[in-house]
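Residue-level structural notes
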Amino acid sequence: MIKLMPKIVIFPVGKIAMYAFNAMPYVRNYKEKKLNTILIVPYGKVLSKYKYDIANESLLNIVLRSLQQNNIKYFRSTIVEFFIAFLYKIKVINIKKKKNQKKIDCESDGYYSNLEFISMMPQYANDVKALNPKKPFCSLLDNEIEKGKNIFLKNSIDTTKKFVAFHVRDDAFHPEQDLDYRNGSISNMIPALNTIEENGFLSFRMGKIQEEINLDDYPENVVDYANSFHSDFMDAYLISQCEFFIGSTSGLFAIPFLFNKPQLSINMIPLHDTGLGVNDIYIPKMLWSINEKRLLSFSEMLEIPRSDLLNGEFYRNNNIEPIENTSDEIENGVQEMIKSLKGSIYYDDEYTHFSNKLKNYFPECSFGFYSDAKISPYFLKKYSELI
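Residues numbered from 1 in each chain as written. Predicted model: local features only at pLDDT ≥ 70, side-chain atom pairs only at ≥ 80, totals over all residues. Heavy atoms only, no water.

A closer look at the environment of Pro12
Under the convention used in this document: Each helix is a run of H or I in the DSSP string that is no shorter than four residues. Each strand is a run of E no shorter than two, and both are numbered from the N terminus.
Mapped onto the elements, Pro12 comes out in the loop between strand E1 (7-10) and helix H1 (18-21). Sequence spacing of Pro12 and Pro42 is 30 residues, and the spatial spacing of their C-alpha atoms is 7.8 Å.

A few points about the side chain of Asn183
Selection rule: Under the scheme applied here, a residue whose accessible area is under 20% of the maximum for its type counts as buried, over 50% as exposed, and between as partly exposed, the area being computed with a 1.4 Å probe on protein chains only. Pairs of residues are marked as contacts when any of their non-hydrogen atoms sit within 4.5 Å.
Topologically, Asn183 is positioned in the loop between strand E6 (163-166) and helix H7 (190-198). On the basis of relative accessible area, Asn183 is assigned to the buried category, the value being 10%. With residues near it in sequence (within four places) discarded, Asn183 still touches Arg169, Asp170, Asp171 and Lys285.

A short note on the packing of aromatic side chains
Cut-off, in case you're wondering: For Phe, Tyr and Trp, where Trp contributes only its six-membered ring, two rings pair if their centres lie within 6.5 Å, and the inter-plane angle classes them as stacked under 30 degrees, edge-to-face over 60, or tilted in between. Whether a charge sits over a ring depends on NZ of Lys or CZ of Arg being within 6 Å of the ring centre and within 35 degrees of the ring normal.
With the rule as written, the count across this model stands at 16 aromatic pairs. For the ring pair Tyr225 and Phe229, a centre distance of 5.2 Å and an interplane angle of 70° mean the geometry is edge-to-face. For the pair Tyr225 and Phe229, one class covers both residues: buried. Each ring, one from Phe369 and one from Tyr370, has its centre 5.1 Å from the other, and the planes form 75°; the classification is edge-to-face. Judged by relative accessible area, which is 35%, Phe369 ranks as partly exposed. Members of the aromatic cluster, connected to one another through ring pairs, are Phe152, Phe163, Phe204, Phe233 and Tyr237. Lys147 extends its terminal NZ or CZ atom over the ring of Phe233, reaching a point 4.3 Å from the ring centre. A cation sits over an aromatic face here: Lys374 above Tyr347, 5.0 Å from the ring centre.

Side note on the sheet that holds E6
Rules: Two strands pair under a simple rule: DSSP has to find at least two bridges between them. Only C-alpha atoms enter the line fits that serve as axes; for helices the fit covers just the stretch in contact. Angles between N-to-C directions range over 0 to 180 degrees.
Ordered in space as E8-E7-E6-E9-E10-E11-E15, the seven strands form an open sheet in which the pairing is parallel. A strand with exactly one partner marks an edge of an open sheet, and here the two such strands are strand E8 (222-223) and strand E15 (374-375). Bridge analysis of E6 against strand E9 (residues 245-247) gives two bridges, and the strand direction is parallel. Along E9, the bridge assignment pairs Ala165 with Phe245. Of the strands in this sheet, E6, strand E7 (202-205), E8 and E9 are in contact with H7, which crosses E7 at around 140°.

Rendered as structure tokens:
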């Protein structure tokens, strides 16, 4: 009888990356393995990791609409949320969270592999099959697309022009989190933004909390959306309607997967977390050994446990400096992405040799072990002696 009881899975609505990296693999597992689970979608931070409110209400509603279309059972009840939180607080029940999860690969049944009756929805960002569906997991309705165009018009933006959306995490975003190793300089994007303009695209700078910039220093095609008409809805609109997305190691990096949008991933760190989309191109951050005055090789970077590289203290304690992508690396990455969209990008034998060699360095269960994303050909050639 106990085995027949459904398990409760809590949707972690407080982190925007989990709208894709958790929800999409859950749907695949639910449908293919016929999971006997009940999904609870919290209204706020009572059950959402006990810390965060809903990250993006508009996007969450779009994801919930997709769950309904996939016949995924879920319910929302404030009373149930408080009741579960109360039972957890008095230690009647335990809720399995990320820090309690054992190392499991993307095919392991993490929804049943624990004894707890309730668990947070596991994250399987290495579930490449789930993250690359044949058709978009989410899509906007016609009236939502029209709403986005009207917001463009109100802000004097040409609705007939194609556009690229980009996000560079900077020092303004939660400095208390000690994650500055993920940050980048938007000024390094300027040559790439010029290339985007030359190809007839607008560029929208995204991010909920971003440093102010002087638009006089940037091409005319750049819209500082982050510091002008930012909204939850327009985050979803821009990513769903862009030609491609330029992201880095931050939550927005996950959202293009919901809409099947190609992505150029820059300043990716750690190297274990490469691009994941079949049409993606990625450029990692290299690591500089301050003591040895040299760059670490790709194999050396991948020998460091991923969990260590997610801790800002690790870099300080080991005198390792993450090296931000340079302007030429990002510009060439953009050129490669545009060629990829046109179907004119060419990967020669030298690229195939070094990319296959790099692929063999990735430890099993790292994202790169499963990913079909391509490392930037320019970047790979530039650092080929370190492979």
